Amino acid sequence: MKHLNRQEISLIEKTRQGDIDSFEKLIEPYQKKAFNIAYRMLSNIEDANDITQEALLKIFRSVDKFQGKSSFSTWVYSIVSNSCIDFIRKQKKNQVVYLEQQGATGENYRIEVADEMNTPEYLFEKKEIQNIIHEAINQLNVDQKEIIILRDINGFSYQEIANILKCSEGTVKSRINRARGKLKKILLTKELQQA
C-alpha cells in the first residue's frame, strides 16, 4: 500500500477485522470534505448528509476491496462522488425536483479577493456572485458538475481526479475544458439577460 502511512495501514487492518473505533479514526480526516463534495453535487443539506452517511457505510463494508493503488482519501472521495451520481440518476428516474437552498451552509466558491475589500457593499456583491456561480453550476449535466466541483471547488489535482473517476488525466483535462466552456456560456447568457 504505497500511498499510506503506518497509522492508516494499521487502522485499515483493524477496520477489516470489524473494529468500528478504528474506522472512525481512519475516516475522521475525510468526513468534512466528503460532505462538501456531496453538498455541492446535490445542493441539498439533508440529501448530502444521507448520501455521505451511506457512502461511509459503503466504505466500511468494502474496506477489504481497498488495495492501496491510490491514496485512501482518493478512494473515499471516489465512493462519495459515485454515491452522489447514483442518487442523482435515481432522482431523475423518479422525476423528483428539489428547490434550491442557496447559501444554507455559507458555501464558498474560490473567488480570490484582496483583504481590504470587506465593506458591506462588497460582501453583498460577493455573495451575489457566489449565488450566480452556484446556480450556473447546477445547470451543468451531472458529469460536468462533478468535474467542476472536484477541480475548481475542492482543488483536487488532475491525477487525483483521474483516480477518483477511474479515467486518464487526458480525459480529465478535456472534461474540465468542456465543463468550464459550458459554465462560461451559462454565465455569459445570464450576464446578457441582466444587461
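Scroll up to find the structure this text is about.
This report concerns the structure included in the present document. (Residues numbered from 1 in each chain as written. Predicted model: local features only at pLDDT ≥ 70, side-chain atom pairs only at ≥ 80, totals over all residues. Heavy atoms only, no water.)

Quick word on the overall build of the protein chain
Then, in step 1: Scanning the protein chain from N- to C-terminus turns up nine helices and zero strands.
Then, in step 2: Reading the protein chain from its N terminus to its C terminus gives the helix and strand order α-α-α-α-α-α-α-α-α.
Then, in step 3: The 195 residues of the protein chain split such that 41% are buried.
Then, in step 4: On the protein chain, roughly 11,700 Å² of surface is accessible, and the fraction owed to carbon and sulfur atoms is 49%. (Helix = DSSP H or I, 4+ residues; strand = E, 2+ residues; numbered from the N terminus. Buried < 20%, exposed > 50% of the residue type's maximum accessible area, 1.4 Å probe, protein only. Areas by Shrake-Rupley, 256 points an atom, 1.4 Å probe, with all protein chains shown as cover.)

Quick look at the layout of surface pockets
Think of a ball as big as a water molecule: rolled over the atoms, this probe shows where empty space is left.
Then, in step 1: Quantified by volume, the second largest pocket comes out at close to 190 Å³.
Then, in step 2: Top element by residues in the lining of the second largest pocket is helix H5 (residues 72-94). It accounts for three residues.
Then, in step 3: In the lining of the second largest pocket, the residues fall into two nonpolar, six polar and three charged. (1 Å grid on protein atoms, 1.4 Å probe; cavity = no way out; pocket = protein on both sides within 12 Å on 5 of 7 lines; lining within 4 Å. Points joined across faces, edges and corners; volume = space filled by probe spheres on them. Nonpolar A, V, L, I, M, F, W, Y, C, P; charged D, E, K, R; others polar.)

Thoughts on helix H3 (residues 31-42)
Then, in step 1: For H3, which comprises twelve residues, the first-to-last C-alpha distance of 16 Å matches the rise-based estimate of 16 Å (1.5 Å per residue) to within 8%.
Then, in step 2: When H3 is considered as a whole, its buried residues turn out to be Ala 34, Phe 35, Ile 37, Ala 38, Tyr 39, Arg 40, Met 41 and Leu 42.
Then, in step 3: In the segment just after H3, Ser 43 is the residue with positive phi, at about 55 degrees. (Expected span 1.5 Å × (residues − 1).)

Some thoughts on unusual backbone geometry
Then, in step 1: One non-glycine residue, Ser 43, lies in the positive phi region at around 55 degrees.
Then, in step 2: Relative to the helices and strands, Ser 43 is located in the loop between H3 and helix H4 (45-61).
Then, in step 3: Residue Ser 43 is classed as buried on the basis of its relative accessible area of 6%.
Then, in step 4: Non-glycine residue Lys 166 carries a positive phi angle of around 55 degrees.
Then, in step 5: Structurally, the position occupied by Lys 166 is in the loop between helix H8 (158-165) and helix H9 (169-194).

Description of the packing of aromatic side chains
Here a ring pair, both rings aromatic, is described through the centre-centre distance and the interplanar angle of the planes.
Then, in step 1: Counted under the stated rule, the structure contains eight aromatic pairs.
Then, in step 2: With a centroid separation of 5.1 Å and 50 degrees between ring planes, the pair formed by Phe 66 and Trp 75 is classed as tilted. Summarising the burial analysis for this pair, Phe 66 and Trp 75 share the class buried.
Then, in step 3: Three or more aromatic residues link up through ring pairs in this structure, and these residues are Tyr 30, Phe 66, Phe 72, Trp 75, Tyr 77 and Phe 156.
Then, in step 4: Here the basic side chain of Arg 151 rests over the ring of Tyr 158, its NZ or CZ set 4.2 Å away from the ring centre.
Then, in step 5: The ring of Tyr 158 has Lys 173 lying over it, and the distance from NZ or CZ to the ring centre is 5.3 Å. (Phe/Tyr/Trp six-rings, centres within 6.5 Å; stacked < 30°, edge-to-face > 60°. Lys NZ or Arg CZ within 6 Å of the ring centre and 35° of its normal.)

Side note on the side chain of Ser 70
Then, in step 1: Tracing the chain through its elements places Ser 70 in the loop between H4 and H5.
Then, in step 2: Contacts of Ser 70, omitting those with residues within four sequence positions, involve His 3, Trp 75 and Asn 163. (Contact = heavy atoms within 4.5 Å.)

Remarks on helix H2 (residues 20-27)
Then, in step 1: The complete set of buried residues in H2 reads Ser 22, Phe 23, Leu 26 and Ile 27. Down the axis of H2, the buried side of the element spans an arc of 125 degrees, and every buried residue falls inside it. Facing away from the buried side of H2, by more than 90 degrees, are the exposed residues Asp 21 and Lys 25.
Then, in step 2: Backbone nitrogen of Asp 21 and a side-chain oxygen of the N-cap are separated by 3.0 Å at the start of H2; the cap is Asp 19. (Arc of directions from axis to C-beta. Polar contact = N/O pair within 3.5 Å; in protein donor to acceptor, adjacent residues only side chain to side chain.)

Some thoughts on the nonpolar core
Then, in step 1: Counting 51 residues, the largest nonpolar core has Ile 59, Phe 72, Val 76, Tyr 77, Val 80, Ile 147 and Ile 161 as its most contacted members.
Then, in step 2: Counting residues per element, this core draws most heavily on H5, which supplies ten residues.
Then, in step 3: With residues near it in sequence (within four places) discarded, Ile 147 still touches Asp 152, Ile 161, Leu 165, Val 172, Arg 175, Ile 176 and Ala 179. (Core = buried A, V, L, I, M, F, W, Y, C linked by side-chain atoms within 4.5 Å.)

A look at the packing of helix H1 (residues 6-16) against H2
Then, in step 1: Across the interface, H1 lies against H2 with an axial gap of 8 Å and an inter-helix angle of 140 degrees. With respect to each other, H1 and H2 are oriented oblique. Handedness of the crossing formed by H1 with H2: left-handed. Along the contact surface, H1 presents Glu 8, Leu 11, Ile 12, Lys 14 and Thr 15, while H2 presents Ser 22, Phe 23, Lys 25 and Leu 26.
Then, in step 2: Across the contact of H1 with H2, the residue classes tally to four nonpolar, two polar and three charged. (Axes fitted to C-alpha atoms, helices over the stretch in contact; angles between N-to-C directions. Parallel < 35°, antiparallel > 145°, perpendicular 65-115°, else oblique. Left-handed = near helix turned anticlockwise from the far one by under 90°.)

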